[in-house]
Amino acid sequence: MNKTLDVVGLGELLIDMTMNGISGQGNALYEANPGGAPCNVLAMLEKLGHKTAFIGKVGDDIFGHELKAVLEEVGIDPKGLVVDPDVRTTLAFVKTFEDGDRDFSFYRNPGADMMLGKADVNTDLIHSARVFHFGTLSMTHEPAREATLFALREAKEAGAIVSFDPNLREPLWDSLDEARKQVLQGLSFCDILKISDNEIQWLTGIEDYTEGVKWIFDRYEISLITVSLGKSGSMAFYKEEPKKAEYIKAEAAPFLQENTIETTGAGDTFGGCILHFILQKGLRGLTEEDLSEMLTFANAAASIITTRRGALRVMPSLGEINDLIRNG
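A brief look at the structure comes next. Per chain, residues are indexed from 1 in the order of the written sequence. Totals for whole chains, interfaces and linings use every residue, but because this is a predicted model, local features are given only for residues with pLDDT of at least 70 and side-chain atom pairs only at 80 or more, for both listing and counting. The basis for every side-chain value is the complete set of heavy atoms in the structure, and neither hydrogens nor water enter the calculation.

Notes on the overall build of the protein chain
Heads up, the rule is: A run of DSSP states H or I qualifies as a helix once it reaches four residues; a run of E qualifies as a strand once it reaches two. Both are numbered from the N-terminal end. Taken over C-alpha atoms, the radius of gyration is set against a globule rule of 2.2 Å times the number of residues to the power 0.38. Contacts were defined at the residue level, with two residues in contact if any of their heavy atoms lie within 4.5 Å. Only the protein chains shown count as cover for residues, with accessible areas throughout obtained via the Shrake-Rupley method and a probe of 1.4 Å. The convention is simple: Lys and Arg are positive, Asp and Glu are negative, and His and the chain ends are not counted. For this purpose, a charge sits on NZ of Lys, CZ of Arg, CG of Asp or CD of Glu.
Regarding its fold elements, the protein chain presents 10 helices and 13 strands. Taking 20 Å as the expected radius of gyration for a compact globule of 328 residues, we find that the protein chain reaches 18 Å, a close match to that expectation. In terms of overall dimensions, the protein chain has C-alpha extents of about 55 × 45 × 40 Å along its principal axes. At a minimum sequence separation of 6, the contacts of the protein chain that also span at least 24 residues come to 69%. About 13800 Å² of surface is accessible on the protein chain, with carbon and sulfur atoms providing 46% of the total. Between the mean site of the 32 positive side-chain charges and the mean site of the 50 negative ones, the protein chain shows a separation of 3 Å.

Now the structure itself:
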């Protein structure tokens, strides 16, 4: 099939209820920001000129209709979005601390994103995509877990590059043992892995990030692993031949902002920029210089998003990212 789409993402589309001040009566004020990790990634890619589509489920309610409109607004094809009258759109209440870090409370028992079924998956979109992107929030419960695995098999059969961001949210899992089992299952499908510093330590039980990456490389045929380190920047590890032991490594410094508001969406922005680079360069013949350039670009974009509330609607432009790289 002709690859008419650059990236198709599958997973959660939800409302991030983000703290935005205190009322005159002393009550917390929350702002309803459209979000969901896979769609944040797609929104970054759209901002960089790529064609994307989303597969997921929202409720037939105020928030569900708003989220569908937002997808259309930012250019993500909503053809794979199912609006279900029997469940409610998932909400995530986000508390932000002074250092910009966050805590999540999910209203999702069940939420619409959990109820995506195998029959809901638009396989035509998957077969049309150069890259298929997913996370683990669609693997916490059935039927969405079965739908995700079905979509992954379709993506592999269609020859798509598979991108995976575990995006661990501990409160959503029945147990961390189950979470680890599903993350490992995700690794068996992916070609590109974006993982955070705390996630790789949790997954492998190894403190050193490079040793943790080696643990993954030894067990799974993955071409590119990026490790996001928050305020410490990022790292990339690349194997042109996943079955061989040799790999190259690069690191890039962060772009720290004095006016950081929150870190919601920073990892997704980073991940979208990694996919942007791979869509331009491919997964063959990458050099250490290529990896450094890729990480620097992704770090800059992630830095910009920390100065804005939410992510999906406010992704940085190519010009903004390049300006930050040039001017530091």
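A look at the sheet that holds strand β4 (residues 52-59)
Operational definition: Strands pair, by our definition, only if DSSP identifies at least two bridges between them. Helix axes are fitted only over the stretch in contact, all axes being lines through C-alpha atoms; the angle between N-to-C directions runs from 0 to 180 degrees.
In space, the 9 strands of this open sheet follow the order β5-β4-β1-β8-β9-β10-β11-β12-β13, with mixed pairing throughout. At either margin of the open sheet sits one strand with a lone partner, and together these are β5 (77-84) and β13 (248-252). For this sheet, the mean angle separating the axes of adjacent strands, direction not counted, is 15°.

Concerning helix α1 (residues 37-47)
Quick reminder of the rule: Burial here depends on accessible area, computed with a 1.4 Å probe over protein chains only, as a share of the maximum for the residue type. Under 20% is buried, over 50% is exposed, and the range in between is partly exposed.
Burial analysis of α1 places 10 of its 11 residues in the buried class, which makes it a mostly covered element. Taken as a whole, α1 has its buried residues at A37, P38, C39, N40, V41, L42, A43, M44, L45 and E46. At the C-terminal side of α1, G49 shows a positive phi close to 95°.

Section: the nonpolar core
Nonpolar side chains tend to gather and get buried jointly when the protein is soluble and globular. Our working rule: In this text, buried Ala, Val, Leu, Ile, Met, Phe, Trp, Tyr and Cys residues form a nonpolar core when linked through side-chain atoms within 4.5 Å.
Ranked by internal contacts, the top residues of the largest apolar core, which has 52 residues, are L13, F54, L224, L291, M294, L295 and I321. Top contributing element to this core by residue count: helix α9 (residues 288-305), with 10 residues. Ignoring any residue separated from it by four or fewer positions in sequence, one finds I321 in contact with M44, L48, F297, A300, A301, I304 and P316. Residues A151, L193, L203 and I216 belong to the second largest nonpolar core, which totals 45 residues.

A closer look at the side chain of E12
Spelled out, the test is: Whenever a carboxyl oxygen of Asp or Glu lies within 4 Å of a side-chain nitrogen of Lys or Arg, that contact is scored as a salt bridge. Whenever a nitrogen or oxygen atom comes within 3.5 Å of another N or O atom, the pair is scored as a polar contact, on the condition that within protein one atom can donate a hydrogen and the other can accept it, and that pairs from neighbouring residues in sequence are kept only if both atoms are in side chains.
The residue E12 is located in the loop between β1 (5-10) and β2 (14-22) in this model. Despite its burial, E12 pairs with no opposite charge, the nearest such side chain being R108 at 6.3 Å. Of the polar contacts made by the side chain of E12, one reaches the backbone nitrogen of A37; its length is 3.3 Å. Among all residues touching E12, those that are not within four sequence positions of it are G35, G36, A37, P38, F54, D113, L137 and N167.

Quick notes on the packing of α1 against helix α8 (residues 266-281)
Note the following rule: Roughly parallel means an angle under 35 degrees; roughly antiparallel, over 145; roughly perpendicular, 65 to 115; everything else is oblique. Here a crossing is taken to be left-handed if its near helix is turned anticlockwise relative to the far helix by less than a right angle, and right-handed if that turn runs clockwise. Any residue that is not Ala, Val, Leu, Ile, Met, Phe, Trp, Tyr, Cys, Pro, Asp, Glu, Lys or Arg is counted as polar, Gly included; the first ten are nonpolar and the last four charged.
Between α1 and α8, the least distance of the axes is 8 Å, while the angle of their chain directions is 50°. In terms of their interaxial angle, α1 and α8 are classed as oblique. Our pair here, α1 against α8, has a crossing hand that is right-handed. Contacts between α1 and α8 involve A37, N40, V41, M44 and L45 from the first element and D268, T269, G272, C273, L275, H276 and L279 from the second. Among the residues forming the contact of α1 with α8, the class breakdown is 7 nonpolar, 4 polar and 1 charged.

So, the packing of aromatic side chains
Going by this rule: Side-chain rings of Phe, Tyr and Trp, where Trp is taken by its six-membered ring, are said to pair if the distance between their centres is within 6.5 Å; with planes under 30 degrees apart they count as stacked, over 60 as edge-to-face, and otherwise as tilted.
Under the criterion given, the structure shown has 6 aromatic pairs. Relative to Y107, the ring of F93 has its centre 5.1 Å away and its plane inclined at 65°; by these criteria the two rings are edge-to-face. Remark: Y107 occurs in strand β7 (residues 102-107) and F93 occurs in strand β6 (residues 91-96); sequence separation between them is 14 residues. With 6.4 Å between their ring centres and 20° between their planes, F132 and F134 make a pair best called stacked. The exposure class of F134 is buried, given its relative accessible area of 0%.

Focus on the pairing of β4
Operational definition: Orienting the strands away from the viewer, one traces the path from the first strand over the helix to the second; a clockwise path indicates a right-handed crossover.
Most of β4 is tucked away: 8 of the 8 residues are buried. Residue alternation in β4 divides its side chains into two sets, T52, F54, G56 and V58 and A53, I55, K57 and G59, and both sets are buried. Pairing of β1 with β4 involves 4 bridges; the strand directions are parallel. Within β4, the residue paired with G9 across the bridge is F54. Judged from the 6 bridges that link them, β4 and β5 form a sheet pairing that is parallel. Bridging from a neighbouring strand, K57 pairs with V82 of β5. Between the parallel elements β4 and β5, the chain passes through helix α2 (residues 62-74) in a crossover that is right-handed.

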